[in-house]
4 protein chains.
Amino acid sequence: MLLATEQLGQGRVADYIPALAKVDPNKLGFALALPDGTVHTSGDADEAFSIQSVSKIFTLALALRRVGSDLWTSVGREPSGSAFNSVVQLESEQGIPRNPLINAGAIATTDRLIDGREGDAVAEEILDFICARAGDDRVEIDFDVAFSESETGARNRSLAHFMDAFGNLRHPVETVVGVYFRQCAIAMSCRQLARAGLFLAMEGCDPLTGEQIVEAHRARRINAIMMLCGHYDNSGEFAFRVGLPGKSGVGGGILCIAPGQGSIAVWSPGLNEAGTSLAGAVALEHFACAAGWSVFD
Amino acid sequence: MLLATEQLGQGRVADYIPALAKVDPNKLGFALALPDGTVHTSGDADEAFSIQSVSKIFTLALALRRVGSDLWTSVGREPSGSAFNSVVQLESEQGIPRNPLINAGAIATTDRLIDGREGDAVAEEILDFICARAGDDRVEIDFDVAFSESETGARNRSLAHFMDAFGNLRHPVETVVGVYFRQCAIAMSCRQLARAGLFLAMEGCDPLTGEQIVEAHRARRINAIMMLCGHYDNSGEFAFRVGLPGKSGVGGGILCIAPGQGSIAVWSPGLNEAGTSLAGAVALEHFACAAGWSVFD
Amino acid sequence: MLLATEQLGQGRVADYIPALAKVDPNKLGFALALPDGTVHTSGDADEAFSIQSVSKIFTLALALRRVGSDLWTSVGREPSGSAFNSVVQLESEQGIPRNPLINAGAIATTDRLIDGREGDAVAEEILDFICARAGDDRVEIDFDVAFSESETGARNRSLAHFMDAFGNLRHPVETVVGVYFRQCAIAMSCRQLARAGLFLAMEGCDPLTGEQIVEAHRARRINAIMMLCGHYDNSGEFAFRVGLPGKSGVGGGILCIAPGQGSIAVWSPGLNEAGTSLAGAVALEHFACAAGWSVFD
Amino acid sequence: MLLATEQLGQGRVADYIPALAKVDPNKLGFALALPDGTVHTSGDADEAFSIQSVSKIFTLALALRRVGSDLWTSVGREPSGSAFNSVVQLESEQGIPRNPLINAGAIATTDRLIDGREGDAVAEEILDFICARAGDDRVEIDFDVAFSESETGARNRSLAHFMDAFGNLRHPVETVVGVYFRQCAIAMSCRQLARAGLFLAMEGCDPLTGEQIVEAHRARRINAIMMLCGHYDNSGEFAFRVGLPGKSGVGGGILCIAPGQGSIAVWSPGLNEAGTSLAGAVALEHFACAAGWSVFD
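Owing to the predicted nature of the structure, the values given are computational and were not obtained by experimental measurement.

The rules behind each value
- Residues numbered from 1 in each chain as written.
- Chains lettered and ligands numbered in written order.
- Predicted model: local features only at pLDDT ≥ 70, side-chain atom pairs only at ≥ 80, totals over all residues.
- Heavy atoms only, no water.
- Least-squares fit on C-alpha atoms with pLDDT ≥ 70 in both.
- Contact = heavy atoms within 4.5 Å.
- UniProt positions renumbered as here; feature names shortened; annotations may be inferred.
- Helix = DSSP H or I, 4+ residues; strand = E, 2+ residues; numbered from the N terminus.
- Polar contact = N/O pair within 3.5 Å; in protein donor to acceptor, adjacent residues only side chain to side chain.
- Expected span 1.5 Å × (residues − 1).
- Core = buried A, V, L, I, M, F, W, Y, C linked by side-chain atoms within 4.5 Å.
- Buried < 20%, exposed > 50% of the residue type's maximum accessible area, 1.4 Å probe, protein only.
- Buried area = accessible area lost by both parts, 1.4 Å probe.
- Salt bridge = Lys/Arg side-chain N within 4 Å of Asp/Glu carboxyl O.
- Pairing = 2+ DSSP bridges.
- Axes fitted to C-alpha atoms, helices over the stretch in contact; angles between N-to-C directions.

(A) Summary view of the relation of the copies chain A and chain B. Screw-axis analysis of chain A against chain B gives a translation of 0.0 Å along the axis, an RMSD of 0.0 Å, and a rotation angle of 180 degrees. Both copies of the chain, as the preceding transformation shows, are related through a two-fold rotation axis. Identified as the residue of chain A closest to the rotation axis by C-alpha distance is G81(A), at 2.2 Å. A symmetric contact is evident, with 100% of the interface residues of chain A recurring at the interface of chain B.

(B) Spatial organisation of the UniProt feature "binding site: substrate" (unreviewed entry) in chain A. All names here are of chain A. Summarizing the sequence annotation, UniProt attributes the feature "binding site: substrate" (unreviewed entry) to S53, N103, E149, N156, Y180, Y232 and V250 in the numbering used throughout. In this structure, S53 sits in the loop between β4 (49–50) and α2 (55–67). Ignoring anything within four residues of it in the chain, the contact list for S53 reads Y232, K247, S248 and G249. Residue placement: N103 occurs in helix α4 (residues 103–114). Of the polar contacts made by the side chain of N103, one reaches the side chain of K56; its length is 2.8 Å.

(C) Focus on the arrangement of the chains. The two partners chain B and chain C share no contact, and the minimum distance between any of their C-alpha atoms is 9 Å. At the level of C-alpha atoms, the two units chain A and chain D stay apart, their nearest approach being 9 Å.

(D) Broad picture of helix α13 (residues 278–291) of chain B. Residues and elements named next belong to chain B. For α13, with 14 residues, the first-to-last C-alpha span of 20 Å sits near the 20 Å given by 1.5 Å per residue. Those residues of α13 that are buried are in contact with β2 (29–33), α12 (235–241), β8 (253–258), β9 (262–267) and β10 (270–271). Just beyond α13, the residue with positive phi is G292, at close to 65 degrees.

(E) Fine view of the nonpolar core. Ranked by internal contacts, the top residues of the largest apolar core, which has 396 residues, are I264(A), I264(B) and I264(D). If we ignore the near neighbours within four places in the chain, the residues touching I264(B) are F30(B), A31(B), L32(B), A194(B), L244(B), I254(B), L255(B), C256(B), L284(B), F287(B) and W293(B).

(F) Broad picture of the interface of chain A and chain B. Across the contact, 32 residues belong to chain A and 32 residues belong to chain B. Of the roughly 2,800 Å² buried between chain A and chain B on both sides combined, carbon and sulfur atoms contribute 54%. Between chain A and chain B we count eight salt bridges in total. Connecting chain A to chain B are 18 residue pairs in polar contact (both at pLDDT 80 or more). Counting residues per element, the ones that place at least two in the side of chain A that touches chain B are α11 (216–229) and α12 (235–241) of chain A. Considering every element that reaches the side of chain A that touches chain B, the biggest residue donor is α11(A), with eight residues.

(G) The arrangement of the interface of chain D and chain B in detail. Contact with chain D, which involves 14 residues of that partner, is made by 13 residues of chain B. Applying the counting rule to chain D against chain B returns seven residue pairs in polar contact (both at pLDDT 80 or more). Contributing elements (two or more residues each) for the side of chain D that touches chain B: α3 (88–92) and α7 (154–165) of chain D. For the side of chain D that touches chain B, the element with the most residues is α7(D), which contributes eight residues.

(H) Structural detail: the relation of the copies chain D and chain B. It takes a turn of 180 degrees to lay chain D on chain B, together with a shift of 0.0 Å along the axis; the resulting RMSD is 0.0 Å. Here 93% of the contact residues of chain D are again contact residues in chain B; the copies associate through an equivalent surface.

(I) Looking closely at the environment of R155(B). Looking at the element boundaries, R155(B) is found in helix α7 (residues 154–165). Relative accessible area serves as the criterion here: at 14%, R155(B) is assigned to the buried category. Expressed as a C-alpha distance, the spacing of R155(B) and V295(B), which sit 140 residues apart in the sequence, is 36 Å. Leave out the neighbours within four places in its chain, and R155(B) touches N85(B), S86(B), E91(D), H161(D), F162(D), A165(D) and F166(D).

(J) Representation of the sheet that holds strand β7 (residues 246–248) of chain C within the structure. Residues and elements named next belong to chain C. In spatial order, the strands read β3-β2-β9-β8-β7; together these five strands make up an open sheet with antiparallel pairing. Of all the strands in the sheet, the pair left with one neighbour each is β3 (39–43) and β7. Across the sheet, the mean angle separating the axes of adjacent strands is 10 degrees when strand polarity is ignored.

(K) A look at the environment of L208(B). Residue and element names in this part refer to chain B. By secondary structure assignment, the location of L208 is in the loop between α10 (198–201) and α11 (216–229). Placed 161 residues apart in sequence, L208 and E47 show a C-alpha to C-alpha distance of 23 Å. With residues up to four places along the chain from it excluded, the contact list for L208 reads P35, D36, G37 and R195.

Written as structure tokens, this is what we have:
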């Protein structure tokens, strides 16, 4: 397997919280999960990392399952053209975030997922869901990271209060961001993550359990959103280079879906200017090219 | 073939110029061009319509061929999150439009394509290129439409002067918009348009002439941009519903690329709120579903 | 004295909290305090009302007295051109609000005034200061209003967290907005308010106690800010019509300063579209005209 | 008379056109015109300079005289909170500029002044008006500057086309900007400018000719707009420091009105960051302080 060794150690490791800042920038993991259950791995594919915004995909799937298309009254489905934490469009569009993959949108999605329950129960549901999808009970929330997220979460709290001011939040801000910070702090390996994303490559059905996780059209919806909005202001570049729906996190992880083929997870902590893993994106580009999986060729 | 008869006559026909306003809203044409040269048609597939913004795809291909990746110093490759003619992001991003498929970006692309030549020569080059791709000399510029575009072109002139103020225009505004208005006024049929887009489905190579129109990676680039930015603020919805790179025009036409499979053109004048053909999009959705061509399943 | 009886009962009474919504819209009070201590009153001049944003003037004076010109590292001194609670400029200008009279700027000013102290002590300091300036101990905080402000304070909390995210807040958000909500809930009469503003008309010196409340150039600064920014998006209209520095509140009160001449307070609950007292502004216009006090004639 | 010799030669001379760039930065002129016709001068008060945006005051007076309050359907009267040539607010507010002293607003004002006439006649009217107010026929348009303005006028053309797109322009863009560029290119001395502004200090009446130039309430309106919007993003600072309505131009000139007292013109080419004459503003500050003319004390 081609690895992006030239890019290793380059880029900037996220340093807004200590737990992320101290990660070794030379790590590079790769895992490909196929519908038959095979997982091909390479490099640091078994080391757990903070999935951060990649978690938004799973929360979105859960929220769609729970509230259905009514979710779209709280959050849009179009690219934002702004930074991941911008509040400008939120003001001009009455507190409705552009899509579920920018921070405001993910917070709104989490709010809908809560659906009147306790925050702890919902955080647990998210974790259980990811464990089940990963086929591995060892996925867990890194509470050190979650605490730091909360400590530095002023911007996210601002977004939440802003939506609340427009009536677009159904639960107390601290309840919502409390769940949000914990989902961002989930730690798992490339192997686990690739496996966990497999249902999105298979029309919403987990091929190993046979369970229909979300309806086929919802899996399609999630994939389309990942393609158009998965990397903030770098989504266009990622679409061109990799040609697959993907979602990146500032922990250096990326989940990529090849519909009908499989699910790929990469991890390398050094980020490009848009907050996407530098070596991770290159590894995906090489792989998608070699496999002929880009949907644009 | 499934047709979107329920949506026929619904939506709003573009009425900012007389030539568009008087088109029969009940028209619906469909054409599918396959790599072997077969073109399957249905409905009003042989009637010429004003392709409007669909022309941006061909200008982009020509500009990339002429100036290569230096084009990206003049225009970006990311979704805009704004209306097709917004100037806000242009101000905050120093006169560099977000992508070549919003108006400002298409004007910047046309400016680069001109490359020191006379406007007439460039308009002719665009037309010749489209005729060659369509395999049909009868494609032509509707000068009545072009004149009306110019008459009502204040917003586009504003965008052009704005970019000029930032040094992002290499030719006089009137030269650039003169070409731009003419490319928007090209009239052709679904049959011709589907055939003309075929090279984008075949890694940049026209399968019938064997000519490599643009390099494979540039065809991929164009497809990725179409997927992410082809329908302004409706791109996310179109990606979900159709699952293919596409570009719509306010004349009611849509060009859709199914990489490796073929090229599809539809036409129906009634538009949805975002300016995309209502019945056209539904027809594409039905077809993509039936053919199993959505890249997100 | 001319009264604005035609406008009485017109306009919209602020209804975002119950305590404001139930105020009789037909109230109209007027008080003019002269440097010799005389206070001329008319109508409901002795009835207490919620001063709301008029309190920003007193907090500003106190903050300037406490931290001096270092305050201007936290907040600007220019008109905003946006609504009173807009967050857009806050994002483009890195969390520094435009001026101390929009909500974000008043929150930043309160934050600086706190200066490491307990919120309760600071709220008490503000109240004591206003009592001393009013020469009347009966001015008080309406805790019912303060509680309602906090209950509906999502937008203000959003602004506070937003500034916090940019490092422009020195105390916990709840401490700051806790003081802010209480200062907005101060209830006093026109007579008290006119008397309390007198030091701003007399180069910072309270003419009745002889105390130099703020330095002369700071009183000038406050007056200039009131003139340019005192009525949000209605500041230009107010400047033209009244021609004096003023600050309005959604409780229907307006404080107006006639430098060298006196201090005027009006109150009438019906608001115009920009949130300024309709009858109050007319009364001020008539008075300024009759007295020849507009600075623009 | 106090002069701002320390600031002389500091600041940045406007260099976007050659004619402005070559002006000696050490120039400093000052003129005070009193209602009795006396003009006190100091320094380079008899040297002509390019008045640039100061001309907006005279065009505004003429337009108000011609179309009356209907002018306010084309342009607002509130501070903008944005740069002098920003287009952002123009987009969110449907092509209506915030006030007549930002570029878009001055262009809209000129458009209304044209009122169906030839551009040449209108440019001549503006010049004649200024000559008459200055009591000096030697004021003239510097056609070298006017030509350069037009050559570099992309941003202003963009603003004009933008307003045209919203239906807020009644004449062809080139006619309007043709007049606008010429009014900006008017060259006159401090002595002439101070004399020309005198009617604004005397309730609209030219005290030397006895002519009522504009109604008293319109002079008040103009003064209020100058106070709130006369120096773009530096208006608040100027109001505090000088305390008088003023209008600056990038040629280094400033016209200041002291209602009831007189009219002041200063000129020094070095500009501060906001485009206001550095030494000029300091000279005005010293003078206003010494004369006790600030309206905020």
